[in-house]
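Spelled out, the chains give:
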Amino acid sequence: MPAFSFPIRYIHLEFLLKITLAWQIVCLRCQGLFMQREREKDQLGLGLVRTLARRPGRRRRMGITSSIHIGPYEIFYPLKPSVSSVQQYGQHNLPGRLFVVEGIDGSGKSTQLSLLHKWLDAKGYGVVFSEWNSSPLVKDTTRLGKKKKLLTPATFSLVHATDFADRTEHSILPFLKAGAIVLCDRYVYTAFARDAARGMDGDWVRDLYGFAVKPTAAFYFKVPLETAIGRLVGARDGFKYYEAGLDLGLTCDAEDSFRLFQGRILEEYEKMIPEFGLTVIDATQPVEAQQAQVRRIVQSHLANAKELRIQP
Amino acid sequence: MRQTYGKQLPGMRLTDLPGKLIVIEGTDGAGRTTQINLLKPWLEELGHAVLDTGMTRSRLAGDGIRRAKEHNNLGRVTQSLFYATDFIDRLEKEIVPALRAGFIVLTDRYIYSLMARAIVRGMDPSWIRSIYGVALQPDAVFYLRISIDQLLPRVVFSRGFDYWESGMDLFPGQDIYEGFCNYQATLLAEFDRLAEEYKFEIVDASADAKKVSEQLKKKVLEIVEPARAATPAAKTPDALADAFAEKVLAILAGKNGGREAEKPSSGTFPPSPSNNSARWPQ
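Residues numbered from 1 in each chain as written. Chains lettered and ligands numbered in written order. Predicted model: local features only at pLDDT ≥ 70, side-chain atom pairs only at ≥ 80, totals over all residues.

### Structural notes on the confidence of the model for chain B
In low-pLDDT regions, the fine details of the predicted coordinates are not to be read closely. Let me state the cut-off plainly: pLDDT expresses, on a scale from 0 to 100, how confident the predictor is about each individual residue. Whether two residues are in contact depends on their C-beta atoms, placed from the backbone: they are in contact if these lie within 7 Å.
Per-residue pLDDT for chain B averages 82, and the proportion of residues at 70 or more is 87%. Taken together, the stretch residues 260-282 of chain B has pLDDT below 50 and engages in 17 contacts with residues farther than four places along the chain or on a different chain.

What follows is the structure, encoded as structure tokens:
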């Protein structure tokens, strides 16, 4: 019969091969399934919630009132926010460090930050820089709003918060988790100051930015208004519409409006120094002296920082 | 004088807003758009100016949101805030001016959908409530309620599954069908909680569109023209048949129920719709 005419050792070999392949497929599948489950859990932040919310007493303390079953998981309500509030991140244990600079236009904060960036680069740290109002996802909307003058104080505030949220989710938080040093040119304090100067409720804006990570250190470059204007008039060819607060209709003259609006912002900054513990740098000093002061403070926070050396 | 849920936006006067703000809420596929498309011409026929508005229709952020949703890098916080931007822009630029001019504003979803979506995505409920605290309290919220089993065929056989409506950003690696069921079930649970908190008027949306529309029109009329709502509705054959069926049912309900039930109707003639429903047999 044809079936027996086939040499028996070939049949064995084929059989063994099939068994081995099947076993490998089973192993890979299991591994894949396991990894997928872990990934899903991670995505939902469930690992933590599940273990924390197992005991009823603890549930009550966490404010969990009910739960719902989704597939193999039990999700507790209300969920813990995936990005915690400022207060919660105050004592964050993320391996990275976050340094931010604040101050009015013309205070020299950007110059100082770029010098700090170069220094940290040279020391071999993994450094990431994020600028105010630079999210690629929200940029078009902001530009449209500014160009067509569609923005009111409320939407101005929200557009910037959206931009900041995108940067927090994509360029600040992941890098802090990875142990990098993140440098921000302007941070939530800019929003607090500007929005308050435009008449928004201070508490509302602070709530709005509740998802922000608290910086390791926030430097406020303090400078008198006239010094800042002197630097700007020489360097730039004019004052921008929203930066000068022209949308508020305080006055028609750009320089006067800038003076009035930035004056209000300065007042807001002053109030925030004790509220958020901003590190004040006297920005009328020579550039070198300011930089030395900044580097000394940054150095003191780098003791246990994980160094991400890009080049060996 | 209107009220907001929390803080007030600068430059927004809450006095002198004679229009009516009516919200139609419901999950994806509950038939909100269909109902608004039926309500708007009807209200206009009655002589009211109507503004209809809905999510992502703002001039400022509408396109931005649509573009952002085309890619897969829209984070959860960013998404929540982008929608908030869109909402506040419409609130300030469309809803409030229309109310000031005496329009009836029909809005396809309001802050509740946005809150439910954000909460389901793990945002802190108190955070999202604080942001939307600046929203005006509407005159009525009609919640088109539908169960997941009734929702499925509608979605499947009309436009198919949508990535975001199936919560695929929340449940990656799942089948889109499972994603849809899980996501919409979670949303419905959250909606039910909101319905209690914000006192939604629940409308059963599982009936066919015409019936739902009749129900909605009745309720909208009570808000828009309380005087006309009290007079009997036009005597269409449908309305007469309904009234007859009601009487028969009332008679069947109890031995003496027939007479008892007839009395108040003749006493408070013309009967208002709410009276009628109260006389239904228990």
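### Remarks on the nonpolar core
The criterion, for reference: Think of a nonpolar core as buried Ala, Val, Leu, Ile, Met, Phe, Trp, Tyr and Cys residues chained together by C-beta atoms that fall within 7 Å. For the exposure call, what matters is how many other C-beta atoms sit within 10 Å of a residue's own: 20 or more marks it buried, 12 or fewer exposed, and in between partly exposed, using C-beta atoms placed from the backbone. We count a stretch as a helix when DSSP gives it H or I for four or more residues in a row; a strand needs E for two or more, and each element gets its number in order from the N terminus.
Val182 of chain A together with Val105 and Met115 of chain B are the most contacted members of the largest nonpolar core, which has 132 residues in total. The leading source of residues in this core is helix H3 (residues 76-100) of chain B, at twelve residues. Not counting the four nearest positions on each side in its chain, methionine 115 of chain B is found in contact with Ile128, Arg129, Tyr132 and Leu194 of chain B.

### Here we look at the sheet that holds strand E1 (residues 20-26) of chain B
Residues and elements named next belong to chain B. Cut-off, in case you're wondering: One bridge is not enough; two strands pair if DSSP finds at least two bridges between them. Axes, fitted as lines to C-alpha atoms, cover a helix only where it is in contact. Angles between the N-to-C directions of the axes lie from 0 to 180 degrees.
In spatial order, the strands read E2-E3-E1-E4-E5; together these five strands make up an open sheet with parallel pairing. With partners counted over all chains shown, the strands left at the sheet margins are strand E2 (50-54) and strand E5 (201-204), one partner each. Sheet twist, expressed as the average angle between the axes of neighbouring strands with direction ignored, equals 20°. Relative to strand E4 (residues 140-145), E1 runs parallel, the two sharing five bridges. Pairing of valine 23 across the sheet is with valine 141, part of E4. The sheet contacts of helix H1 (residues 32-45) involve E1, E2, strand E3 (104-108) and E4, and relative to E3 the element is tilted by about 170°.

### Overview of the packing of helix H8 (residues 153-177) of chain A against H3 of chain B
Here is the rule we go by: In what follows, roughly perpendicular refers to angles from 65 to 115 degrees, roughly parallel to angles under 35, roughly antiparallel to angles over 145, and oblique to any angle outside these ranges. We call Asp, Glu, Lys and Arg charged. Ala, Val, Leu, Ile, Met, Phe, Trp, Tyr, Cys and Pro are nonpolar, and the rest, Gly among them, are polar.
Relative to each other, H8 of chain A and H3 of chain B sit at 170°, their axes nearing to 8 Å. Between H8 of chain A and H3 of chain B, the angle falls in the class roughly antiparallel. Across the interface between the two elements, Ala154, Thr155, Leu158, Val159, Ala161, Thr162, Ala165, Asp166, Thr168 and Glu169 of chain A from H8 of chain A touch Val77, Thr78, Leu81, Phe82, Ala84, Thr85, Ile88, Asp89 and Glu92 of chain B from H3 of chain B. Taken together, the residues of the contact of H8 of chain A with H3 of chain B sort by class into ten nonpolar, five polar and four charged.

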